[in-house]
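Read off the chains here:
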Amino acid sequence: MAAAMATTAAAAAEEAVVALDKETLMLMGCGDAPPAAPCAEWETFKENVRPLKRGRNVGLLNRALKAHADPAQRAALLAARRKMIEAIDEYSGEDPLQPWIDCIKWVQESFPTGGDCSGLVVIYEQCVRAFWHDDRYKNDLRYLKVWLEYAGNCADSEVIFRFLEANQIGQSHTNYYLSYASVMESKNKLKKANEIFNLGIARKAKPVEKLETTYRAFLQRSSKKKAHPEDDTTTDDHPVRNFGTVLNRGEIRGQHAENSHLVKTLQRVDVNRPLAVYTDENSLPSHGLARTRSNNTAWQTLGSQADRNKENNMRPAKWTSHKIPQKVGSRAAVQPTRVSSIEVFVDDECAEEPVPQVPKSTKPSILKLRQATSRNLKQETELLMENPLRNFPLTSLR
Amino acid sequence: MASRTASKDIITLRGSAAIVSEFFGYAANSILYNRGVYPEESFTKVKKYGLTMLLTQDEGVKTFIANLNTQLSEWLEAGKLQRIVLVIMSKATSEVLERWNFSIQTDPEVVDKGVIKEKSDKEIMREIQAIMRQVASCITYLPCLDEPCIFDVLAYTDMDVAVPFTWVESDAKLIENPQMVKLHSFDTKIHKVDTLVSYKVDEWDEE
């Protein structure tokens, strides 16, 4: 990140009369918060803490890290999370997004290591799904930030940005265009990133100054990349790839002659006999690929529904009636094992979690969250990371 | 018969001032690197305090820090420096985002009477090392600086100090409702340096 250096330094005279600032009070050990211990938890567990874009409250961070080390306190944290989720369900005010944000903030602070056990990805997803069709929040910065944090946790966030655009969510905020362009730039789709910046500037996204400043920095970076074209890859969605080396027959023969002594020792092949090289009839050098795309009509039609569904037309039969032939005595070698000898391993955190008796709720998403255990939270998190819009209706992308 | 000379780790006022000003130079470089104020390719690795430290190769910053160190040494030797603060601000809005506060307590007896103190270099180095490690691991709690930033240095001096030609009087550049983290301190027995970082935590409804 390029930045200018301040050209002047400053000498500030400290007067005894002036009320002491918070920093001075803390250094003297009489501030609001007690000074951090010489070996505070944040320092001991620094590798395990997931940085937050907005920063962390160190007091809360230390408390949370201490709690995760103690099983009893950890159980209390899980119970508190359940209460936070219930509070969302019970909220009846004018801003139903606020309890979700309070819950997200709390989980981020209380589960600083992140990961699947925090349930954060599931909470993000259920929050964004609860309000995606609500006009009140289309241009609410808080709601957009939840979407952007969700996008940051997904394997491929491009689908999320397309969804937001299709549903006109957060389009008046600079943050949307900055995040989208950043994702495109990281994929080396510089042309697309450039379009996104221009779109944001044309729509006068707020604050436009921030967008313009970042755009200028982007242009500098992309011009550097153009100056070194060997680093630049194609911006197409489906890059033209050439697997292996395309050699003509003469080159192969030349190579073979050069390496003949190796071939003789390793393979005992007659050097004089020409090596048979299989040539695919349809193969073309990579530069001709664009031509074949337009000329090749083999897949112009996909066939009728019946054609495509032919594998599923087989009559179902009773599968238990089929006997699998087995060799006689094949089981004799296998010692019968007693079921009781296999001990099932249970994670500590799963063992500690009591199965919650949850009353029926009208909101299935909330219900899922309240009943969640570490195991199914992990599973749901993985599924959402792979396909962030899996629980949205197919029509939502228009 | 072999004789043995016992050596003591003696620290003078000038030596202590040199240690503190050098520490500030390395700390400033480390902060500028770790907080991404300057691009990482503009830094080079050096061995210092038993750690791999990063020093800027930007000529402007190098000159700035060198001049700063000269001035700090002068004030430290005179016992006139109370605090030095490295401020990181938004380039676009000049909003103060972070303050790295190095509070200095000087032993008045040493300044007035020229008393010599004792402390091993190894011990001082170990204390400085702990601070440098904390600076490097500050990403654990500090917010992401995702906009171009500039830095400034504030020196809190005694009232009777004349403002040098290259310096100007300034306001304190404080952060409203800051989050604060007290880091380790080091002590040369003449100068005790306490370190603290204060920063602004973003809210959800802020651009």
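This text gives an overview of the structure that appears in the document. Residues take numbers from 1 onward in each chain, read along the sequence in its written order. In the order they appear in the text, chains get letters beginning with A and ligands get numbers beginning with 1. Totals for whole chains, interfaces and linings use every residue, but because this is a predicted model, local features are given only for residues with pLDDT of at least 70 and side-chain atom pairs only at 80 or more, for both listing and counting. Side-chain numbers come from the whole structure's heavy atoms, not from hydrogens or water.

A few points about the pairing of strand 5 (residues 96–106) of chain B
Residues and elements named next belong to chain B. Put simply, the rule is: A 1.4 Å probe rolled over the protein chains alone gives each residue an accessible area, and that area as a share of the maximum for its type sets the label: buried under 20%, exposed over 50%, partly exposed in between. Comment: elements are numbered from the N terminus, with helices defined as DSSP H or I runs of at least four residues and strands as E runs of at least two. By the convention used here, strands pair only if DSSP detects at least 2 bridges between them.
Of all the 11 residues making up strand 5, nine are buried; the element is thus mostly covered by neighbouring parts of the structure. Across seven bridges, strand 4 (residues 81–90) lies against strand 5 in antiparallel orientation. When the sheet's bridge partners are listed, Met89 is paired in strand 5 with Val96. Here strand 4 folds back onto strand 5, and the loop between the two strands holds five residues, one of which, Ser94, carries a positive phi near 60°.

What to know about the packing of helix 5 (residues 97–110) of chain A against helix 7 (residues 141–152) of chain A
Residue and element names in this part refer to chain A. Here is the rule we go by: Axis definition: a line fitted to C-alpha atoms, limited for helices to the stretch in contact. Angles are taken between N-to-C directions and run from 0 to 180 degrees. Relative orientations are named as follows: roughly parallel for angles under 35 degrees, roughly antiparallel for angles over 145 degrees, roughly perpendicular for angles from 65 to 115 degrees, and oblique for any other angle. Two helices cross in a left-handed way if the nearer one is turned anticlockwise from the farther one by less than a right angle. They cross in a right-handed way if the turn is clockwise. Residues are treated as being in contact if the distance between any of their heavy atoms lies within 4.5 Å. Here the term charged refers only to Asp, Glu, Lys and Arg, the term nonpolar to Ala, Val, Leu, Ile, Met, Phe, Trp, Tyr, Cys and Pro, and the term polar to all other amino acids, Gly among them.
At a minimum axis distance of 11 Å, the contact between helix 5 and helix 7 shows a crossing angle of 40°. Taken together, the axes of helix 5 and helix 7 lie oblique to each other. At the point where helix 5 passes helix 7, the crossing takes the left-handed sense. When helix 5 is examined against helix 7, the residues Leu97, Gln98, Ile101, Ile104 and Gln108 are found in contact with a partner set consisting of Arg142, Tyr143, Val146 and Glu149. Grouping the constituent residues of the contact of helix 5 with helix 7 by class yields five nonpolar, two polar and two charged.

Describing unusual backbone geometry
With phi around 55°, Lys204(A) is a residue other than glycine that occupies positive phi space. With respect to the helices and strands, Lys204(A) occurs in the loop between helix 10 (190–202) and helix 11 (208–227). Judged by relative accessible area, which is 64%, Lys204(A) ranks as exposed. Positioned with a positive phi, Ser94(B) is a non-glycine residue whose angle comes to about 60°. One can find Ser94(B) in the loop between strand 4 and strand 5. A residue is classified by how much of its surface remains accessible, and Ser94(B), at 46% relative accessible area, is partly exposed.

A look at the environment of Phe23(B)
All names here are of chain B. On the secondary structure map, Phe23 appears in helix 1 (residues 13–34). Of the residues examined, Phe23 reaches a relative accessible area of 1% and is grouped as buried. As for Phe23 and Tyr49, which are separated by 26 residues in sequence, their C-alpha atoms are 9.5 Å apart. Discounting chain neighbours no more than four positions away, the residues touching Phe23 are Tyr49, Phe102, Ile128, Ile131, Met132, Phe186 and Val193.

A short note on the pattern of salt bridges
Applicable threshold: Throughout this description, the term salt bridge denotes a Lys or Arg side-chain nitrogen within 4 Å of a carboxyl oxygen of Asp or Glu.
Tallying each qualifying case throughout the model produces 16 salt bridges over all chains. One salt bridge connects Lys189(A) with Glu158(A), and the closest N-O pair in it is separated by 3.3 Å. With Lys189(A) in the loop between helix 9 (174–186) and helix 10 and Glu158(A) in helix 8 (residues 158–166), this pair connects stretches of sequence that are 31 residues apart. You'll find Lys189(A) and Glu158(A) in the same group, each marked buried. Lys62(B) serves as the salt-bridge partner of Glu59(B), at 3.7 Å between the closest nitrogen and oxygen. You can see Glu59(B) and its partner Lys62(B) sitting in helix 2 (residues 59–78), three residues apart, about one turn around the helix. On the basis of relative accessibility, which here comes to 35%, the residue Lys62(B) falls in the partly exposed class. One connected set of salt bridges, linked through shared partners, spans Glu158(A), Arg162(A), Lys187(A) and Lys189(A).

Here we look at helix 10 of chain A
Residues and elements named next belong to chain A. The criterion, for reference: Expected span of a helix: the number of residues minus one, times 1.5 Å. The arc in question is formed by the directions pointing from the helix axis toward the C-beta atoms.
The end-to-end C-alpha distance of helix 10 is 18 Å, a good match for the 18 Å that 13 residues give at a rise of 1.5 Å each. Turning to helix 10, its buried residues are Leu190, Ala193, Ile196, Phe197 and Gly200. The arc that holds every buried residue of helix 10, seen down its axis, measures 120°, which confines them to one face. Exposed and facing more than 90 degrees away from the buried side of helix 10 are Lys191 and Ala202. Lys204 sits one or two residues past helix 10 and shows a positive phi near 55°.

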